[in-house]
Amino acid sequence: MAQSNVATAPTPAPEPKAPGTPVAAGLKLAAGKIGSFIFTVFVSSVIVFFSRWLVPGDPINFLLRGRSPNPEAIAEVTAIYGLDKPPLEQYWHWVTGVVTGDFGRSLQYRQDVSEVILDRLPVTLGLVVMSGIMIAVLGLAAGICASLLRGTWADRAIIASMSGLAAIPSFVGAIVLIAVFAVQLGMFPSFGSGTGFWDMIYHLVLPSLALALSFIAVVGRVTRSAMLEEFAREHVEVARSRGVTPVAVVIRHVLRNALGPILTVSGLLVAGLLVSSAIVEQAFGLAGLGSLLVSSVDRLDFPVVQAIVLIVVTAFVAINTLVDLLGPVIDPRLKAGEGAR
Amino acid sequence: MKTKNFNTKSLKLAAAAAVVLSLTACGGASPQAGAVAPTYELTEKTAAPTGELDKLSWSLYAEPYSLDYAYAFDFPDNQVLANTCESLLRLNPDMSVSPGLATKFENPTPTTWVYTIRENVKFHDGSTMGADDVVASLKRHLDPAVGSFWYSAFANVKSIKKTSTNQVTVTTTKPDAILNESLSGAPGVIESAAFLKKAGGDYGNANGGVNCTGPFELKDWRSGEKLSFERFDGYWDTKNAAKAKELEFVVMTDPVARVNAFKSGEIDGGWMPPANAIGELDASGAGKVYFGTNSAVQSLIVTNTQGPLGNPEVRKALLMSIDRTGLVAAAEAGYAKRTNALSAESVWGAADEATQQAAFGELTDYPYDVEAAAKIIQEQGVAGQEITITTAPMGNNFAVVAQATAAAAESIGLKAVINTVTPNAYTALFSDPEARKGTDLVYTNWYLSIGDPLEMFSILRTGDFSNYGNFSDAAYDKTVNEALGTLDTDKRFAKSARAQKILNEDLPWLPLYEVPTILWMNDKITGASPSVNHLYYPWAAQIGAK
C-alpha cells in the first residue's frame, strides 16, 4: 500500500516536479530573503529620516554659522533646502530622490550629497577591501595553522596573540603603527590617501592593517574552532582512512564545511569595519565616509548623515542577505539534504 | 565660621594655583612658565626669498567650508581664499588699507563711495575684469538666496552701480564708516560675473571652484583632504607674483600630526601651531616660529544674563579671581599679553597717539585679588550659585582657560561646572541660541577683519546677532552708532575710545589676553609676513626658497 502510494503519487508529473522542487524552494527562500531585505531598508529609511527631529538645534542656524542673519535670507535658504515643508512631505521628497540617487544637498559642503559621498567612497572602499583581504588571508591562515597544530606551543602562541590583538582598539593600533612604521622606520606615509591607484594602495597599508587587527583575531578564532569541529567529524575520518592527501582533506572536507560559520561571522564584521573606519580615517587623515559621518553628525549636516546611515544599513543588510543566500550553495550538507545526490 | 571660611578659601586658592601650575607643566613648553614668561619679538617681515619653489605645502587645521567669499568667515576659509581671490582693496600687515583691484576710492558725499577699477586685470580663465564683474560680485551680498555671511557689512547699502567703464559707485542710506574698509576683506572679493552665473549653486564648492584674479589658480579640491593650486602666470601684480609653482593645502585636524609633519619636513609651514608646541618646534631645528601682528582678543563671553553673571559686580569679581598673568603662562606658554580691553591695540593704528592713550591708558584694571572678589560675591548674595563653562577639546588653551576659570570661580564661592562639547557643537554656540542654553561662559578667540575696533564694538549693541549675552546699554548704543556714522577718523576713534571704556566698566565679555599671530616655516622657505592680514592678503605668493 504504502509503496504503491509513493510510486503512484509522483507519476502524474514526475519529470518537471522532481528537479523543480529544490529550485522552487530556493527561489521561495530567495524571494523571502529579498522581501525582508526591502522591508528592513524601508523601515530604516523611516527611522533614519525622522530621527533628525529628535536632535536639538536648527540646521538653518548651522548654515548661517555665526553670521548676522538677514530674515529674507533665512526664508530663502529654508526654502532652498526644503525645510519649510511638513515632515511627511520632506520624507516623500527625500525617499523618492534616494531611489534615483539624489540624496539632497549637503549643508556643510553646499554640494550634492551624492557627490560628497562619491568623493569619499574610493578611500573607504579601498580601506574596507584591503582590510577585508588582510582579515581573510591572515585570519584564515592563523586559524587553519592553529587548528592543524592543535595543542602544540605554536597553537597556544597563536591563541594568545589572537586574544591580545582582539583587545587592541583600532585607534591604539593606528598610533602604534604610525609611530613604528611611519615615524621610526619611515616605510609608509603617516597621513593622506595619495594620488593614483598604486599610491593609494601604498598609503592605505597602515590604515587597513590598523582597521584589520582586531578582526583578524576574531576570524582566526572562529576559523580555528570551526576547523576543529570538522576534523572531529566522521567523513573526515573516512576520507583520511581512504588515503586522501592531508591537503585535500583540509581543503575539500574540513575548510569547505567550516566556511559556513566563518562566512556568517564575516558578514557581521562588515558592519564593524564600516564603523571602525571612522576612527582609523581620523588617525590617518583620510577623507573617507567614516570621518565624513563624524563631522556631519557634529555639524548637523543631516542630509549627509541620513545618506551615509542608510547606505551603511543597506550594505549591512544586503551582505547578510547574501550570506544567507550563499549558505546553502556553499554548505554541501544543505545540498545533500535535498536527497538528490 | 571665619576660620572655616578662611580655610576653605585657602584650600581653594591652593587648588586654583595647583591647577594653573600643573597645567603649565602639562604644557611642557617651559618648566618655569608660571614664573618667567618666554620673550618673543614681533617680526614684520621674514627674509626675502632667493629662489623659486616647485611646491609649497601648507597645513590647515580644518577644511574650508567653501571658497565662496560670501561664506568665507573663518581662518581656514580665508587663509586659502586670500591667495586665489582678491578684493577691491588690500589689507596690509599693519592693518592699513591700500589699493587692490580698485586703484583708488573716493568719498565725494558722506553716503557715496566711488571705486576706480584697475585695468588689464585677468581672471584665471583669461577673461578681463571690468566694472560689471565688480557690480555682480558685490551685489551677491545683498541677494537673500545667497545668504551672505557678510550681509551685515552691507546693511546700509542702497545701491551698487556701474557709473563708467571702469568705475563703480556704492551709495548708502546713511554714512557708514566701516563699509569701505570691509572691502579689503572677503566682502570686497571680485569674481567674474560670467563665472558666477555659470557655476550657480556650486560656486565656491569642491565642484564649482572659483575663477578670480589672485596669484594662484585652483586646480583640484579633494574634499576632506587637500586643495591644490598652480601659479597663475597672467597675474596682474607682477611685483607680487607667486614664487612657488604649486601650492598645496593639506587638511590636518590633529594637532599632534601637524606638529610631527612640521618637524619631519613633510609640510613646509602653517599658521597658528599650538602654543604648547612652540618650544618643541623651535628645538627641532627644522625651521622657525615667527610672531606677528594680530587683531584678536581672547575673552570669556557671558552668554547668560539670567544667572549670577547677569550682575556686573559678579562679572568684575570673577575677572578679579582669574590670575590672568598666570593664565597667559599656562594657556599660551607665555606667548600672550594680559589685557583689559576687548579690542587689540593693533586695530587702533589709524588713531592718533592721544586717542590710543585714552583708549587703553584710562581703562580700569582688574588685578588678581581673590579676597576682594570673594567679598563681592558675598555682598551680592550669589555665593554657592552655579555657573557652567562650555568648552571643547580644541587645544591646550581651551582646556586651561576652562579649568582655570572654574577653579577661580570656586575660589570666590561660586560653583563651577565644565561642560565639554565637540568642536563643531562649540562652533554652534556662536550661531544657535538653543545651543547656548544652560551655558554661562564661553571662551573665544575673537579676531577683527579690519583695522578699526568698531567692527568689535558694533556687535555688542542691543539686539545684535553676536551679542550673545544680550548686553544692553543705551549710552553705549548711542556712542557706537554715532561712531559708525562718523567718517572723520580722529573723531570716530575718540568715540570708539568711549565705547571701549563702557565695555571695560560693564564687562559683557571678560577680556583675558591678546595673542600674537604665530607662523611656522621650515628652513627651506622664507618670505611671509606673520600678520593676521594673511586672512585677506595673498601671503603664499611671497614665499620662496631660502
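So, how was this worked out
Residue positions within a chain follow its written sequence, with the count starting from 1. Whichever chain is written first becomes A and whichever ligand is written first becomes 1, with later ones labelled in order. Thresholds applied to this predicted model are a pLDDT of at least 70 for local features of residues and 80 or more for the giving and counting of side-chain atom pairs; totals over whole chains, interfaces and linings are not thresholded and use all residues. Excluding hydrogens and water, the side-chain figures rest on all heavy atoms present in the structure. Segments assigned H or I by DSSP are reported as helices when at least four residues long, segments assigned E as strands when at least two residues long, and all are numbered from the N terminus. Taken over C-alpha atoms, the radius of gyration is set against a globule rule of 2.2 Å times the number of residues to the power 0.38. Only protein chains enter the accessibility calculation, which uses a 1.4 Å probe. A residue is then buried if its area is under 20% of the maximum for its type, exposed if over 50%, and partly exposed in between. Exposure was quantified through the Shrake-Rupley algorithm and a 1.4 Å probe, taking into account, for residues, occlusion by the shown protein chains and nothing else. Note on definitions: a residue-residue contact is assigned when non-hydrogen atoms from the two residues lie within 4.5 Å. N or O atoms closer than or at 3.5 Å make up a polar contact, with two conditions inside protein: a donor-capable atom paired with an acceptor-capable one, and, for residues adjacent in sequence, both atoms drawn from side chains. Put simply, Ala, Val, Leu, Ile, Met, Phe, Trp, Tyr, Cys and Pro go in the nonpolar bin, Asp, Glu, Lys and Arg in the charged bin, and everything else, Gly too, in the polar bin. Working definition: a disulfide is two cysteine sulfur atoms within 2.5 Å of each other. Working definition of a nonpolar core: buried Ala, Val, Leu, Ile, Met, Phe, Trp, Tyr and Cys residues. They are joined through side-chain atoms within 4.5 Å. UniProt positions are given in the numbering used here, feature names are shortened, and annotations may be inferred rather than shown by experiment. Two strands form a pair only when DSSP identifies at least two bridges running between them. The axes used here are C-alpha line fits, helices contributing only the stretch in contact, and every angle between their N-to-C directions lies in the interval 0 to 180 degrees. Residues enter patches when they are more than 30% accessible in relative terms and free of salt bridges; like-charged ones are connected within 9 Å and nonpolar ones (Val, Leu, Ile, Met, Phe, Trp, Tyr) within 5 Å. Salt bridges are defined as contacts in which a side-chain nitrogen from Lys or Arg sits within 4 Å of a carboxyl oxygen from Asp or Glu. In this tally Asp and Glu are treated as negative and Lys and Arg as positive; neither His nor the chain ends contributes. Working definition for charges: the position is that of NZ of Lys, CZ of Arg, CG of Asp or CD of Glu. The split into domains, and so the bounds of each, comes from an automatic or database assignment of domains. Joining two parts hides part of their accessible area as seen by a 1.4 Å probe, and the buried area is that hidden amount summed over both. pLDDT gives the predictor's per-residue confidence on a scale running from 0 to 100. The directions from the helix axis to the C-beta atoms are what the arc is built from.

K.L.:
How should I be thinking about the overall build of chain B in this particular structure?
P.N.:
Scanning chain B for helices and strands turns up 17 helices and 21 strands. Against the compact-globule benchmark of 24 Å for 546 residues, chain B has a radius of gyration of 24 Å, which places it among compact chains. Overall, chain B is about 80 × 55 × 45 Å in size when its C-alpha atoms are taken along their principal axes. A burial count over chain B gives 59% of its 546 residues as buried.

K.L.:
Mind showing me how you'd approach the overall build of chain A here?
P.N.:
When you go through chain A residue by residue, the secondary structure sums to 14 helices and 0 strands. Helices (α) and strands (β) of chain A occur, in sequence order from the N terminus, as α-α-α-α-α-α-α-α-α-α-α-α-α-α. When each of the 341 residues of chain A is scored for burial, the buried share is 41%. As displayed, chain A has an accessible area near 17700 Å², and 71% of this comes from carbon and sulfur atoms.

K.L.:
Is there a simple way to explain the interface of chain A and chain B in this structure?
P.N.:
Accessible area lost during the coming together of the parts is what is often quoted as the interface size. With 36 residues of chain A at the interface, the matching set in chain B holds 38 residues. Between the two partners, chain A and chain B, sit 6 residue pairs in polar contact (both at pLDDT 80 or more). Residue contributions to the side of chain A that touches chain B peak at 5 residues, all from helix α4 (residues 71-80) of chain A. Here the side of chain A that touches chain B is composed, by residue class, of 10 nonpolar, 14 polar and 12 charged.

K.L.:
It is not clear to me how the state of the cysteines should be interpreted in this structure. Could you clarify?
P.N.:
One covalent bond between the sulfur atoms of two cysteine residues makes up a disulfide. All names here are of chain B. Summed over the entire model, instances satisfying the criterion amount to 1 disulfide over all chains. The disulfide partner of C85 is C212, and the S-S distance across this bridge is 2.0 Å. Measuring the twist about the S-S bond at about 65°, one finds the C85-C212 disulfide to be right-handed. Of the two residues, C85 sits in the loop between α2 (75-81) and β2 (89-91) while C212 sits in the loop between α5 (193-199) and β8 (216-222), which places them 127 residues apart along the sequence. Here C85 and C212 have matching classes, each one buried.

K.L.:
What am I meant to see in the nonpolar core here?
P.N.:
Inside soluble globular proteins, nonpolar side chains tend to come together where they are buried. Ranked by internal contacts, the top residues of the largest apolar core, which has 128 residues, are W58(B) and Y513(B). A142(A), L211(A), A212(A) and V219(A) belong to the second-largest nonpolar core, a separate cluster that totals 29 residues.

K.L.:
Just checking my understanding: could you explain the UniProt feature "domain: Solute-binding protein family" (unreviewed entry) in chain B for this structure?
P.N.:
Those residues carrying the UniProt feature "domain: Solute-binding protein family" (unreviewed entry) are residues 97-463 of chain B in this numbering. What you have in residues 97-463 of chain B is 29% helix and 23% strand, and the ends, taken at the C-alpha atoms, are 30 Å apart.

K.L.:
I would appreciate a short explanation of the sheet that holds strand β13 (residues 296-302) of chain B in the present structure.
P.N.:
Consider a sheet: its strands pair through backbone hydrogen bonds, and that pairing is either parallel or antiparallel. Residue and element names in this part refer to chain B. Read across the sheet, 6 strands follow the order β14-β18-β13-β17-β15-β16 without closing on themselves; strand pairing throughout is mixed. Two strands lie at the open edges of the sheet, namely β14 (337-338) and β16 (415-420), each paired on one side alone. Where β13 meets strand β18 (residues 509-514), 4 bridges bridge the pair, whose relative direction is antiparallel. Each bridged residue has a counterpart across the sheet, and for L300 the counterpart in β18 is L510. Each of β13, β15 (386-391), β17 (441-447) and β18 is contacted by helix α8 (residues 312-321), which is oriented at about 25° to β18, the strand it contacts most. Strands β13, β15, β16, β17 and β18 of the sheet are contacted by helix α12 (residues 396-411), whose axis makes an angle of about 160° with β16.

K.L.:
What is the right way to look at a negative patch on the surface in this model?
P.N.:
Together, D352(B), E353(B), D488(B) and D490(B) make up a region of like negative charge exposed at the surface. Locating D488(B) in the fold gives a position in the loop between α16 (474-484) and α17 (489-506).

K.L.:
Even after reading the chapter, I still don't get the domain arrangement of chain B, so can you show me in this structure?
P.N.:
Residues and elements named next belong to chain B. Here chain B is described as being made up of domain 1 (86-199) and domain 2 (294-514). Placing a centre on the C-alpha atoms of domain 1 and another on those of domain 2 gives a separation of 33 Å. Domain 1 puts 13 residues into the contact, and the matching count from domain 2 is 16 residues. Counting the surface lost from both domain 1 and domain 2, the interface buries some 1000 Å², and carbon and sulfur atoms represent 67% of this. Looking only at domain 1, the three residues that lose the most surface to domain 2 are M95, A177 and I178, adding up to 52% of its buried area. Inspection of the region where domain 1 meets domain 2 yields 0 salt bridges.

K.L.:
Would you explain the environment of H253(A) in this entry?
P.N.:
Residues and elements named next belong to chain A. Inspection of the secondary structure assignment puts H253 in helix α11 (residues 246-283). Residue classification places H253 among the partly exposed residues on the basis of a relative accessible area of 22%. Along the backbone, H253 and L83 are 170 residues apart, and their C-alpha atoms lie at a distance of 59 Å. The contact partners of H253, leaving out residues within four places of it in the chain, are E230, H235, V236, A239 and A248.

K.L.:
Looking at this structure, how should I read the UniProt feature "transmembrane region" (unreviewed entry) in chain A?
P.N.:
UniProt feature "transmembrane region" (unreviewed entry): in the numbering of this structure it lies at residues 37-55, 125-149, 161-188, 200-219, 262-284 and 304-326 of chain A. When the span residues 161-188 of chain A is considered, its composition is 75% helix and 0% strand, and the gap between its end C-alpha atoms is 24 Å.

K.L.:
How should a nonpolar patch on the surface be read in this particular structure?
P.N.:
All names here are of chain A. On the surface, I168, F171, V172, I175, V176, V180, L185, M187 and I279 cluster together into a nonpolar patch covering about 730 Å² of accessible area. If you tally residues by element for the nonpolar patch, the top one is helix α8 (residues 170-184), at 5 residues. Here V176 lies in helix α8.

K.L.:
Whenever I open this one, the environment of F49(A) confuses me. Can you help?
P.N.:
All names here are of chain A. Locating F49 in the fold gives a position in helix α2 (residues 14-50). Along the backbone, F49 and I311 are 262 residues apart, and their C-alpha atoms lie at a distance of 13 Å. Every residue in contact with F49, bar those within four places of it in the chain, is listed here: P87, Q90, Y91, W94 and Q306.

K.L.:
Would you mind going over the side chain of R140(B) with me for this structure?
P.N.:
As for its placement among the helices and strands, R140(B) is situated in the loop between α3 (131-139) and β6 (157-164). In contact with R140(B), not counting residues within four places along its chain, are D68(B), Y69(B), A70(B), V146(B), S148(B), L196(B) and Y203(B).

K.L.:
Mind showing me how you'd approach the confidence of the model for chain A here?
P.N.:
Parts of the model with low pLDDT should not have their predicted coordinates read in detail. All names here are of chain A. Of all residues in chain A, 86% have pLDDT values of 70 or greater, and the mean over the chain is 79. Mean pLDDT per element in chain A: helix α1 (residues 2-8) is the minimum at 39, and helix α5 (residues 87-99) is the maximum at 89. The low-confidence segment residues 1-19 (pLDDT under 50) makes 2 contacts with residues lying over four places distant or belonging to another chain.

K.L.:
Explain the side chain of S45(A) here, please?
P.N.:
Note on placement: S45(A) falls in helix α2. With residues up to four places along the chain from it excluded, the contact list for S45(A) reads Y91(A), W94(A), V95(A) and L310(A).

K.L.:
Looking at this structure, I do not really get α4(A). What am I missing?
P.N.:
Spacing of three or four residues puts side chains on the same side of an α-helix, whose turn is 3.6 residues. All names here are of chain A. If you check which residues of α4 are buried, you get A73, V77 and T78. All buried residues of α4 project into a common sector of 135° when viewed along the axis, lining one side. Summarising the geometry of α4, the exposed residues directed more than 90 degrees from the buried face are P71 and E72. Positive phi appears at G82, one or two residues downstream of α4, with a value of about 70°.

K.L.:
I keep staring at the sheet that holds strand β9 (residues 226-231) of chain B and nothing clicks. Help me out?
P.N.:
Residue and element names in this part refer to chain B. Spatial ordering of the open sheet is given by β8-β9-β10-β1-β11-β19-β12, a layout of 7 strands whose pairing is mixed. Among the strands making up the open sheet, the edge pair consists of β8 and β12 (287-292). Pairs of neighbouring strands in the sheet enclose a mean axial angle of 20°, with direction left out of account. Pairing analysis gives 3 bridges linking strand β11 (residues 269-271) to strand β19 (residues 517-522), with the strands arranged antiparallel. Across the sheet, W271 pairs through a bridge with L519, a residue of β19.

K.L.:
What is the right way to look at the pairing of strand β4 (residues 102-106) of chain B in this model?
P.N.:
The two faces of a sheet get side chains in turn, since along a regular strand they alternate between them. Residues and elements named next belong to chain B. Both β4 and strand β5 (residues 112-117) contribute to a ladder of 4 bridges, which runs antiparallel. Bridged to A102 within β5 is I117. Hairpin connection, β4 to β5: the antiparallel pair is bridged by 5 residues.

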